[in-house]
Amino acid sequence: MPTIGVDKYKLFEALGQKFTTEEFEDLCFEFGIELDEDTENDERPLVNGEREPPQLKIEIPANRYDMLCFEGIALNLNVFRGRTDPPNFRVVEPKSAEQQTIVVKPETAQVRPLVAGAVLRGVKFDKDRYESFIALQDKLHANLARNRTLVSIGTHDLDTVQGPFTYEALPPRDIKFAPLNQTQEMTAEQLMTFYENDKHLGRFLHIIRDAPVYPVIYDANKVVCSLPPIINGDHSKITLDTTNVFIEITATDLTKLQIVTDIMVTMFSMYCAEPFTVEPVKIISEHNNLTRVTPSLEPRIALAEVDYLNSCTGLDKSPEELCKLLNRMAYVSKPSASDSNILEVAVPITRPDILHQCDIMEDLAVCYGFNNLPRTAPSRSATVGAPLMVNKLSDIVRVETAMAGWSEVMPLILCSHEENFGWLNRKDDGNTVIRLANPKTLEYQVVRTSLLPGLLKTIRENKGHSVPIKIFEVSDIGLKDESLERRARNERHFAAAWCGKTSGFEVVHGLLDRVMLMLRTPFLTEGASGDSSDGYWIEELNEDTFFPGHAAAIHLRLGGKQARIGEFGILHPSVLDKFDLRYPVSALEINLEVFL
């Protein structure tokens, strides 16, 4: 989780109260954040000849992008403590100028296809606000933007450039400008060489370095504003004297683009001439039908059930009381006019992490106070965990097989296509096996459809072990299944293998009888031709995996339904040769799920 350092006494001033370290730690705990460190009593470094002021280092949950800066922390804690109402972020049209536009060229689709923009008008910067503005960009780049691979932010002094702006993609040799804090102009090719050893920017160069074209944003006079995601131009850099800020954000992910845009503009809109207002920018992107106005700042309406909120938290509050509590977490909510059991909750634009009513319920518990929630003992069996029946059955089979003197092994569920089919003398019908789309090695190409390859590879890797080797596995195989939404399913199998100087056929057969006896499944001597009672029987099997005349298919009848559930036998010499095994091997494999 990210840790944010803020000036201790400036935060206390913004909160309107001086706290002791213990009191502020309690406040952080109540809100769901954590005070990691108070540096007041530590040795602090000198910055520009002055001792650094005491810092509070606060650990922020990974989902709270709206608290990655001083402004976000102060605003949310003030709303939580009831000192201020939730802010009403608004998009306003410019009063004395035309709406800014960014025209997106089709070539940008080759490298970084998405862009958004916004204008903060009448901003008043000082040193602390400026540093916080830059620090928020860095935090968003490092966390949500995945080191600028998904999103990159460019900020400019709007008074130094002129719209409309264009977002283009050009060969690097055709882009020339003076990068931020540099006086000499250079092409994009030269820029890559210039910054390759830079500790800060060098780690971002790979994002576009090998692309045939580089993204670039121009103003109306062909002045380069930025070369995303690397660096801005020096011409439009932000200073303490900047009052009008033009923000352009490029991305490869539309969802992340919207989140980053909303967070950037909302956190610093409080410093605008008209607080919490943002001027929109029109994005003209006709080639991919993404022409739109950004940002929208419209809160999402989520529905939450009153009964659900009360039952999960142990409360018994009316809809009106719940709405009042939720106000502490910046929600604006009201009871539904059509259903008394529903709350209509306006989710703040700064909270993209709210996806379900369970998220609203969690924030309700924070508002009420986790330590204040009623404490009750579970009264329903639904709150008590229990093993799945397939796992319970698997454990029973494991215990009985281990007690019979067999050792359990746990091979990997992935194997090569040849091991799963060719080495077992089996053919791939194309409708059964789950293939990896881009396997890293030939060893892991498919999800196994049989437990036998893993057992035989285990024996191969333990040639130095004394014989006989008796091993078994109870685990899943994977099969295609077009009838399911995920188009695949697991199936629990039991398999065993004997390797010794004799074939061990009778030992494997005995293990099968023992497992069936333990599962209370009788052997039917007359097989399928007998009566219709439940039980299992075996029939001679001729498959290339096994030695001719030394294999049997296992059939089961349960509840009037009968099916082949597995097979056992002595493996064919060609199978042993492919797995590099020197002694005869007998193997058994059955499907356990039919017993559920």
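The structure presented is a predicted model; accordingly, all values stated were derived computationally and were not measured.

Engineer: Even after reading the chapter, I still don't get the overall build of the chain, so can you show me in this structure?
Structural biologist: If you tally the helices and strands in the chain, you get 14 helices and 31 strands. Since a compact globule built from 596 residues should have a radius of gyration of about 25 Å, the 34 Å found for the chain marks it as more spread out than a globular shape. If you line up the chain on its principal axes, its C-alpha atoms span 95 × 65 × 55 Å. In the chain, which comprises 596 residues, the share counted as buried stands at 48%. For the chain, the proportion of contacts with a sequence separation of at least 24, taken over those separated by at least 6, is 69%. Carbon and sulfur atoms provide 49% of the accessible area of the chain, an area that totals close to 29,900 Å². Charged side chains in the chain number 62 positive and 86 negative. The centres of these two groups are separated by 2 Å.

Engineer: It is not clear to me how the environment of T449 should be interpreted in this structure. Could you clarify?
Structural biologist: Assignment of secondary structure puts T449 in the loop between β25 (446-447) and α12 (452-460). Overall, T449 belongs to the buried group, its relative accessible area being 16%. For the pair T449 and G478, spaced 29 residues apart in sequence, the C-alpha to C-alpha distance is 5.7 Å. Ignoring anything within four residues of it in the chain, the contact list for T449 reads N420, F421, T432, V433, I477, G478 and L479. Within the structure, T449 has its side chain in polar contact with the side chain of N420 (distance 2.8 Å).

Engineer: Please explain the UniProt feature "domain: B5" (unreviewed entry) in the chain as it appears in this structure.
Structural biologist: Those residues carrying the UniProt feature "domain: B5" (unreviewed entry) are residues 297-375 in this numbering. Overall, residues 297-375 shows 35% helix and 20% strand. The separation of its end C-alpha atoms is 39 Å.

Engineer: Whenever I open this one, the pattern of salt bridges confuses me. Can you help?
Structural biologist: Under the counting rule described, the total for this entry stands at 29 salt bridges. Across the salt bridge formed by K105 and E168, the nearest N and O atoms sit 4.0 Å from each other. Residue K105 is located in the loop between β7 (100-104) and β8 (114-120), and its partner E168 is located in strand β10 (residues 165-170); the two are separated by 63 residues in the primary sequence. We classify E168 as buried; its relative accessible area is 8%.

Engineer: Sorry if this is basic, but what is going on with the side chain of H417 here?
Structural biologist: Within the fold, H417 resides in helix α11 (residues 417-420). Assessed through its relative accessible area of 17%, H417 is described here as buried. Within the local environment of H417, its side chain forms a polar contact with the side chain of R435, the two groups lying 3.1 Å apart. With near-sequence residues (within four places) excluded, H417 lies in contact with G422, D428, R435, Q445 and V446.

Engineer: What am I meant to see in the packing of helix α7 (residues 306-313) against helix α9 (residues 357-368) here?
Structural biologist: When two helices pack together, their arrangement is given by the angle between the helix axes and the distance between those axes. Running from amino to carboxyl end, α7 crosses α9 at an angle of 50°, the nearest separation of the two axes being 10 Å. Considered as vectors, α7 and α9 are oriented oblique to each other. In this structure, α7 meets α9 at a crossing whose hand is right-handed. On α9, the residues that touch Y308, L309, C312 and T313 of α7 are Q357, C358, I360, M361, L364 and A365. Class assignment for the residues of the contact of α7 with α9 results in 8 nonpolar, 2 polar and no charged.

Engineer: How should I be thinking about the sheet that holds strand β5 (residues 55-59) in this particular structure?
Structural biologist: Strand pairs in the sheet, formed through backbone hydrogen bonds, run parallel or antiparallel to each other. On the basis of which strands lie adjacent, the open sheet formed by 3 strands has the order β1-β5-β2 and antiparallel pairing. Two strands lie at the open edges of the sheet, namely β1 (3-7) and β2 (34-38), each paired on one side alone. The sheet shows a mean angle of 30° between the axes of neighbouring strands, taken without regard to direction. Here 4 bridges tie β2 to β5, and the two strands are oriented antiparallel to one another. Looking at β5, one finds that E34 is bridged to E59. Taken strand by strand, helix α2 (residues 21-31) contacts β2 and β5, and its axis lies near 155° from that of β2.

Engineer: Can you walk me through the domain arrangement of the chain in this structure?
Structural biologist: As a measure of interface size, the accessible area lost when the parts come together is often cited. Domain annotation for the chain reports domain 1 (3-81), domain 2 (90-294), domain 3 (300-369) and domain 4 (389-595). Of note, the centres of domain 1 and domain 2, computed from C-alpha atoms alone, are 29 Å apart. Taken together, the contacts link 11 residues of domain 1 with 13 residues of domain 2. It is Y65, L68 and E71 in domain 1 that bury the most area against domain 2; as a group they hold 54% of the surface buried on that side. Applying the counting criterion to the domain 1 and domain 2 interface returns 1 salt bridge. Taking the shortest distance from any N to any O, the salt bridge between K10 and D128 comes out at 1.9 Å. Joining domain 1 to domain 2, the criterion identifies 4 residue pairs in polar contact (both at pLDDT 80 or more). The set of elements that each furnish at least two residues to the side of domain 1 that touches domain 2 consists of β1 and α3 (70-80). Here the element with the most residues in the side of domain 1 that touches domain 2 is α3; it accounts for 4 residues.

Engineer: Help me understand the nonpolar core, please; the structure alone is not making it clear to me.
Structural biologist: Note that soluble globular proteins tend to have their nonpolar side chains buried in a common cluster. If you look at the biggest cluster of nonpolar residues, it comprises 77 residues, and the most contacted ones within it are L11, F24, I58, I73, L120 and I360. Looking at this core element by element, the count peaks at 8 residues for helix α6 (residues 254-268). Excluding residues that lie within four positions of it along the chain, I73 makes contacts with I4, V6, L11, I58, I60 and M67.

About the criteria used
- Residues numbered from 1 in each chain as written.
- Predicted model: local features only at pLDDT ≥ 70, side-chain atom pairs only at ≥ 80, totals over all residues.
- Heavy atoms only, no water.
- Helix = DSSP H or I, 4+ residues; strand = E, 2+ residues; numbered from the N terminus.
- Rg over C-alpha atoms; globule rule 2.2 N^0.38 Å.
- Buried < 20%, exposed > 50% of the residue type's maximum accessible area, 1.4 Å probe, protein only.
- Contact = heavy atoms within 4.5 Å.
- Areas by Shrake-Rupley, 256 points an atom, 1.4 Å probe, with all protein chains shown as cover.
- Lys, Arg positive; Asp, Glu negative; His and termini not counted.
- Charge placed at Lys NZ, Arg CZ, Asp CG, Glu CD.
- Polar contact = N/O pair within 3.5 Å; in protein donor to acceptor, adjacent residues only side chain to side chain.
- UniProt positions renumbered as here; feature names shortened; annotations may be inferred.
- Salt bridge = Lys/Arg side-chain N within 4 Å of Asp/Glu carboxyl O.
- Axes fitted to C-alpha atoms, helices over the stretch in contact; angles between N-to-C directions.
- Parallel < 35°, antiparallel > 145°, perpendicular 65-115°, else oblique.
- Left-handed = near helix turned anticlockwise from the far one by under 90°.
- Nonpolar A, V, L, I, M, F, W, Y, C, P; charged D, E, K, R; others polar.
- Pairing = 2+ DSSP bridges.
- Domains from an automatic or database assignment.
- Buried area = accessible area lost by both parts, 1.4 Å probe.
- Core = buried A, V, L, I, M, F, W, Y, C linked by side-chain atoms within 4.5 Å.

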